[in-house]
Amino acid sequence: MDNTLPPLKRIAAIHDLSGLGKCSLTVALPVISATGVECACIPTAVLSTHTGEFTGWTFRDLSDDMLPIAHHWQRIGARIDGVYSGYLASPEQAQLLAQTLDCIAAPDTLVVIDPVMADNGSYYSKIDDRMCAAFRRLLSRADVITPNVTEAALLAGLPYEPGTHSDAYLAQLFQALGALGAGVVTVTGVRPQPDVIGNVACDCRTGEMHASMRPAHPGVFYGTGDVFASALAALLVRGAPLSAALETATALTDESICRSLWRDTPRRFGVDFEGIACLVPRAEVGIQEVKGRCLTTGLPKSVKISSVELVEAIAEPARDILETIHMVLERTPPELVADLAQNGIIMAGGGSLIYGFDQLVEKDTGIRTTVVDDALSCAAFGSGKMLMNLNDMQDGMVNLARKRQMKA
Ligand code: PXL
């Protein structure tokens, strides 16, 4: 069996490093890595926190380091499959970004530029029209841009509309940005209806459009643009079609928002993308060496098993588990089912970590399904807690076992 893997794709992420308040590099690094793409970094600035809803932040401009880093990578012949840029410390850095692209981007490198500068109708702290002009000049260098509605309106020179956003307004934005030289324009935070929000992508060269929408949650969520654009950039570099990348990146962003809401994480600290186990269907086959006892000879043996064989082996038990879930749902009182439909199914235990199992349960039941953060230990801790409170548990293990005995 051949156990070689295809080479890793590599993205150069060019953003600030805000130490606290997940955004920029503290989002790009983990999200891109989790998709199976390597994330190399060129930091544009180091801050103690991002500049929204925090005061007193530190700020160190790293303009002087950008080109030396790019030149070093060029000298050692580092292959860059994608560039994903975001927050720049000054309009002058846009020129440095263009020179960095000249150094590190090959003709087939995918260039994703997120023109980070504004949201909800206003510029971020310390950013003004000069940044907008600088980003406008960069648009023709980008294969994909990912502005939010405010940034798209500023770049297009159109009035900002808080929403709802009509098809005609979006068409105007896409037309203006396409005319400035952008390839694919993905506008984030589009509200076609008051209670719906999502992302709309237009390939300005072909006119092809895609949209991915979710229920809107009130208020502002910091770092969602970075979660979305990081996932989109990585999936596109992996070769996903635009529609699939848009859908997955939107789903990830929405799930991160939901996790922050369930935890009540203060908004300025960013959204909780952590613990979302695996982001994309595996294109490549994983191979693992497994040691055990051979049932035919009774002797120890080690064999190599591929993820494809595991899927075949798990198919039948997985079907049994899905049937059991359906059986439990059918027997559950309607008020509890309504509760489940609202709060979703939470999976725990080692089995819940099997790749794609949560997606399978969600697809099969139509109920949103998530895996708890520490799936392995929480099943053991939960059982331990239950054993300590056996007498208080009306419908616990003991009662179930007794009922079974009485039936027998
Ligand atoms: O996520 C956008 C962003 C990135 N980096 C810094 C920011 C902001 C938004 O406020 O301040 C430093």
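Read on for an overview of the structure.

Rules of the game
Residue indices begin from 1 for each chain and proceed along its sequence in written order. Thresholds applied to this predicted model are a pLDDT of at least 70 for local features of residues and 80 or more for the giving and counting of side-chain atom pairs; totals over whole chains, interfaces and linings are not thresholded and use all residues. Side-chain numbers come from the whole structure's heavy atoms, not from hydrogens or water. Under the scheme used here, helices are H or I runs from DSSP no shorter than 4 residues and strands are E runs no shorter than 2 residues, and both carry numbers assigned from the N terminus. Only protein chains enter the accessibility calculation, which uses a 1.4 Å probe; a residue whose area is less than 20% of its type maximum is buried, one above 50% is exposed, and one in between is partly exposed. Whether two residues touch is decided by their heavy atoms; if any such pair falls within 4.5 Å, the residues are in contact. Accessible surface is estimated by sampling points in the Shrake-Rupley manner with a 1.4 Å probe; for residues, cover comes only from the protein chains shown. Only buried residues count toward a nonpolar core, which is a set of Ala, Val, Leu, Ile, Met, Phe, Trp, Tyr and Cys residues joined through side-chain atoms within 4.5 Å. We call a residue near a molecule or strand when any one of its heavy atoms sits within 4 Å of it. Side-chain atoms alone can form a polar contact between residues adjacent in sequence; in general such a contact is a pair of N or O atoms within 3.5 Å, and within protein one must be able to donate a hydrogen while the other accepts it. By the convention adopted, Pro, Cys, Tyr, Trp, Phe, Met, Ile, Leu, Val and Ala count as nonpolar, Lys, Arg, Asp and Glu as charged, and the other residues, Gly among them, as polar.

**Re the overall build of the protein**
Reasoning step 1: Along its length, the protein carries 13 helices and 15 strands.
Reasoning step 2: Across the 408 residues that make up the protein, the buried fraction comes to 41%.
Reasoning step 3: Sequence-distant contacts, at least 24 apart, represent 64% of the contacts inside the protein between residues at least 6 apart.
Reasoning step 4: Split by element, the accessible area of the protein, about 21700 Å² in all, is 57% carbon and sulfur.

**Notes on the nonpolar core**
Among soluble globular proteins, nonpolar side chains are generally buried collectively.
Reasoning step 1: Ile-104, Met-117, Phe-135, Ile-145 and Leu-177 are the most contacted members of the largest nonpolar core, which has 49 residues in total.
Reasoning step 2: At 7 residues, helix H3 (residues 92-104) tops the list of elements feeding residues into this core.
Reasoning step 3: Non-local contacts of Ile-104, meaning those with residues more than four positions away in its chain, are made with Ala-12, Ile-42, Ala-70, Trp-73, Ile-80 and Val-83.

**Thoughts on the site of the ligand**
Reasoning step 1: Near the ligand, the surroundings consist of Asp-16, Ser-18, Cys-23, Ser-24, Leu-47, His-50, Thr-51, Gly-52, Tyr-87, Val-116, Tyr-124 and Asp-226.
Reasoning step 2: Between a nitrogen atom of the ligand and a side-chain N or O atom of Ser-24, the distance comes to 3.2 Å.
Reasoning step 3: Contacts to the ligand include Thr-51, whose side-chain N or O atom sits 2.6 Å from an oxygen atom.
Reasoning step 4: Protein coverage of the free-state accessible area of the ligand, which is 320 Å², stands at 96%.
Reasoning step 5: Classifying every residue of the shell around the ligand gives 5 nonpolar, 5 polar and 2 charged.

These figures come from the coordinates and say nothing about function on their own.
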